[in-house]
Amino acid sequence: MGRIRKVAVLTSGGDAPGMNAAIRAVVRSAIYNDLQVAGIYRGFEGMIEGDIEPLTARSVNHILQRGGTVLKSARSKDFKTKSGRAKAHEKLKSNGIDAVVAIGGDGTFAGAKQFNAEFDFPFIGIPCTIDNDLIGTDNTIGFDTALNTVIDAVDKIRDTAASHNRLFFVEVMGRDAGFIAAHAGLASGALAILVPERNMTIDDLVERLREARRHNKTSSIVIVAEGGKSGNATEIAHKVHEQAPYYETKVTILGHIQRGGPPTCFDRNLASRLGVAAIEKLLKGERDGMVGIVNQKIILTPFAEATSDKLILDPELLRIADILSI
Ligand code: F6P
């Protein structure tokens, strides 16, 4: 394997605030180190189709503070096939690309792992998803911004909940992981937090609501992760109302507003650090793995390990939220 001269960067999977800051960091640190850089549009889909353009330091002006991704993103079915990956490899070679930096989540890294195994092609990943469910980093880019979006919304909902003595069910993102629900629920003083990782039945929830009523709580917020075990927020609200009709229940689904908006200072700086780290790892000869920060130290986790399991939600957060919700 010769020296790396040209590196390509792509964003893949669900977008997350801070993706642009990571693109900027990869592009500028590559150029700083005398590498050529190309942008691959629409993730692995664009890699297969050869949707690849050269980038300069000026191409990434004024994107640090913007949500979304200027390179666009996609979830590619074709990249899951051997023929799709072979086409992608051809396009990389014909564009003179020696290494790829992929910004995304577990699906992105599963694709990178497979590609690496087949073509022994240098690939470094940058963890960027609002879900924060990856092994190998304390925080994923976008999680902090999404949390701040959620607590801002819940604070507003609480005003109206309190004014009308209502019970609000707020649904947040997290199909398989309850990190957003747990962290935002604790930070916004939720009465209960329903996550995929914990089994809280409707009976448990109704009992908690009754207890709250006995303690003179007149309004409450329940945070529900979209992948919660007892159903989505609308289903849960309906079931609770059947058992506790004295509550006026309302449902708010926050949806994709959690994926947009300017990244927080934390996410901008995390993205900047990991973008530079990705290029420095490639220059040191690393060819496989996701960069992350654990206990303030940059580490590289091989894709096989980073995709071997989901990060486990610390039940301590839920325990603290339970104590404080009386
Ligand atoms: O993985 C990020 C995420 O926002 C999840 O929290 C959510 O379940 C999913 O993506 C939604 O995906 P889509 O972009 O397909 O709506």
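Fair warning: this is a prediction, and the values are worked out from it, not measured in the lab.

### Quick word on the pattern of salt bridges
Turning to step 1, where the next piece is worked out: Under the definition given, this model contains 15 salt bridges.
Turning to step 2, where the next piece is worked out: With its nearest N and O atoms 3.0 Å apart, the salt bridge here joins Asp-152 to Lys-156. Here Lys-156 and Asp-152 lie together in helix H5 (residues 143-164), a separation of 4 residues that amounts to about one turn.
Turning to step 3, where the next piece is worked out: Overall, Asp-152 belongs to the partly exposed group, its relative accessible area being 40%.
Turning to step 4, where the next piece is worked out: Its relative accessible area of 53% is what places Lys-156 among the exposed residues.
Turning to step 5, where the next piece is worked out: Linking Glu-248 and Arg-166 is a salt bridge whose minimum nitrogen-to-oxygen distance equals 3.1 Å.

### Brief notes about the environment of Glu-248
Turning to step 1, where the next piece is worked out: Structurally, Glu-248 can be placed in strand E9 (residues 248-253).
Turning to step 2, where the next piece is worked out: Looking at Glu-248, the relative accessible area reads 37%, which means it is partly exposed.
Turning to step 3, where the next piece is worked out: Non-local contacts of Glu-248, meaning those with residues more than four positions away in its chain, are made with His-164, Arg-166 and Leu-167.
Turning to step 4, where the next piece is worked out: A distance of 3.1 Å separates a polar atom in the side chain of Glu-248 from a polar atom in the side chain of Arg-166.

### Observations regarding the side chain of Thr-69
Turning to step 1, where the next piece is worked out: Checked against the element boundaries, Thr-69 lands in the loop between strand E3 (52-55) and helix H3 (82-94).
Turning to step 2, where the next piece is worked out: For Thr-69, a relative accessible area of 16% puts it in the buried group.
Turning to step 3, where the next piece is worked out: Looking at Thr-69, its side chain comes within polar contact range of the main-chain nitrogen of Leu-71, at 3.1 Å.
Turning to step 4, where the next piece is worked out: Residue contacts for Thr-69: discarding those within four places in its chain leaves Thr-11, Asp-15, Met-19, Asn-20 and Ile-23.

### Concerning the sheet that holds strand E4 (residues 99-104)
Turning to step 1, where the next piece is worked out: Here 7 strands make up an open sheet; going across it, the order is E3-E2-E1-E4-E5-E10-E11 and the pairing mixed. Because the sheet does not close on itself, it has two edges, and the strands there are E3 and strand E11 (297-301). Taken over all neighbouring pairs, the strand axes of this sheet differ in orientation by 25° on average, direction set aside.
Turning to step 2, where the next piece is worked out: With 3 bridges joining them, strand E5 (residues 123-127) and strand E10 (residues 288-294) adopt parallel strand pairing. Bridging across to E10, Ile-124 finds its partner in Gly-289.
Turning to step 3, where the next piece is worked out: Each of strand E1 (6-11), E4, E5, E10 and E11 is contacted by helix H9 (residues 265-283), which is oriented at about 140° to E10, the strand it contacts most.

Rules behind the numbers
- Residues numbered from 1 in each chain as written.
- Predicted model: local features only at pLDDT ≥ 70, side-chain atom pairs only at ≥ 80, totals over all residues.
- Heavy atoms only, no water.
- Salt bridge = Lys/Arg side-chain N within 4 Å of Asp/Glu carboxyl O.
- Helix = DSSP H or I, 4+ residues; strand = E, 2+ residues; numbered from the N terminus.
- Buried < 20%, exposed > 50% of the residue type's maximum accessible area, 1.4 Å probe, protein only.
- Contact = heavy atoms within 4.5 Å.
- Polar contact = N/O pair within 3.5 Å; in protein donor to acceptor, adjacent residues only side chain to side chain.
- Pairing = 2+ DSSP bridges.
- Axes fitted to C-alpha atoms, helices over the stretch in contact; angles between N-to-C directions.

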